[in-house]
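# Results of the structural survey
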Amino acid sequence: MGCGHRCGGIDGETNHLGCLVCSKEAKEFCTICGSDQLGSAPTLRLGCQHLFHLHCVLKHIGGRWHSAAISFGFMHCVICKTLMSHPRLTSTLQPYIAMHEDVRKKALQRFESMKLGDAPELKEKGGFYYNNPEKYAMARFCYYECAQCKKPYFGGLKECNAEQRIAEFDPKELLCGGCSSNGNDT
């Protein structure tokens, strides 16, 4: 770096991180780990401009969801909740982006088949789901990842599965209809 400080970015960056010391950002702590200053390990700036250690972001994404039901919060910046974006994360996030799209389509199909278009939550002006059937469907339905084929499948209404989402579960027991009807007991 022209300023003489050690680079805090990651190898192969096309958009250089910039000097964390000169910008005073090196004194800030990574919000994910909360224990080490930025620049103490390779650091990246997400598309939303928030900074995190690369290994912390990868660990955060690798943790995926923490219950039986699939959720996608792990793909979002822990500060501003926008979808994480950085060239280094593209291949890591791509399978989850594809899964999100699959779940989104399935949730909207179920929404349509259950004829939920007149739900009061969608009609309440200023409400959380006002005129947003996708958000409503994604919040209302549980989808699980099949232990065998790894595809998401419908698992019921969230309000009916509260105990299952919280209680300990064996991921090997989560099987979609196709895999469970194949006579597999794994």
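Residues numbered from 1 in each chain as written. Predicted model: local features only at pLDDT ≥ 70, side-chain atom pairs only at ≥ 80, totals over all residues. Heavy atoms only, no water.

### Re the packing of aromatic side chains
Convention followed: Only Phe, Tyr and Trp rings are paired, with Trp represented by its six-membered ring, and only when their centres lie within 6.5 Å; those with planes under 30 degrees apart are stacked, over 60 edge-to-face, the remainder tilted. A 1.4 Å probe rolled over the protein chains alone gives each residue an accessible area, and that area as a share of the maximum for its type sets the label: buried under 20%, exposed over 50%, partly exposed in between. Counting from the N terminus, the helices are the DSSP runs of H or I reaching at least four residues and the strands are the DSSP runs of E reaching at least two.
Enumeration according to the criterion identifies eight aromatic pairs in this entry. Pairing Trp65 with Phe74 gives two aromatic rings, centres 6.0 Å apart and planes at 55 degrees, and the pair type is tilted. What makes Phe74 buried here is its relative accessible area of 5%. The interplanar angle of 75 degrees and the centroid separation of 5.7 Å between the aromatic rings of Phe141 and Phe154 together place this pair among those described as edge-to-face. In this pair, Phe141 sits in strand β3 (residues 141-145) while Phe154 sits in strand β4 (residues 152-157), placing the two residues 13 residues apart along the sequence. In this structure Phe141 comes out as buried when scored by relative accessible area, which is 2%.

### Re helix α4 (residues 133-140)
Our working definition: Arc definition: it is the arc formed by the directions from the helix axis to the C-beta atoms. We call two residues contacting when some pair of their heavy atoms lies within 4.5 Å.
Of all the positions in α4, only Tyr136, Ala137 and Arg140 are classed as buried. Within α4, the buried residues cover an arc of 95 degrees as seen down the axis, which keeps them to one side. At its buried positions, α4 is contacted by α2 (90-113), α3 (120-123), β3 and β4.

### What about the pairing of β3?
Where we set the bar: Criterion used throughout: strands pair if DSSP finds at least two bridges between them.
Of all five residues in β3, five are buried, a share of seventy percent or more. Taking every second residue as pointing to the same face, both faces of β3 are buried, with Phe141, Tyr143 and Glu145 on one and Cys142 and Tyr144 on the other. One ladder, built from five bridges, connects β3 with β4; its direction is antiparallel. From the neighbouring strand, Glu145 faces β4, where its bridge partner is Pro152. The loop that links β3 with its antiparallel partner β4 comprises six residues; one of these, Lys150, has a positive phi angle of about 70 degrees.

### Quick word on the pattern of salt bridges
Rules: A carboxyl oxygen of Asp or Glu within 4 Å of a side-chain nitrogen of Lys or Arg is what we treat as a salt bridge.
Enumeration according to the criterion identifies five salt bridges in this entry. As a salt-bridge pair, Arg64 and Glu145 come within 2.6 Å of each other at their nearest N and O atoms. Of this pair, Arg64 sits in the loop between α1 (54-62) and α2 while Glu145 sits in strand β3, placing them 81 residues apart in sequence. You can call Arg64 partly exposed: its relative accessible area is 25%. By relative accessible area, which is 14% here, Glu145 ends up buried. For the salt bridge of Arg140 with Glu159, the shortest nitrogen-to-oxygen distance reads 3.7 Å. Remark: Glu159 occurs in the loop between β4 and α5 (162-166) and Arg140 occurs in helix α4; sequence separation between them is 19 residues. Through salt bridges with shared partners, one network takes in Glu101, Arg104 and Glu134.

Interpretation in functional terms is not warranted from these geometric data alone.
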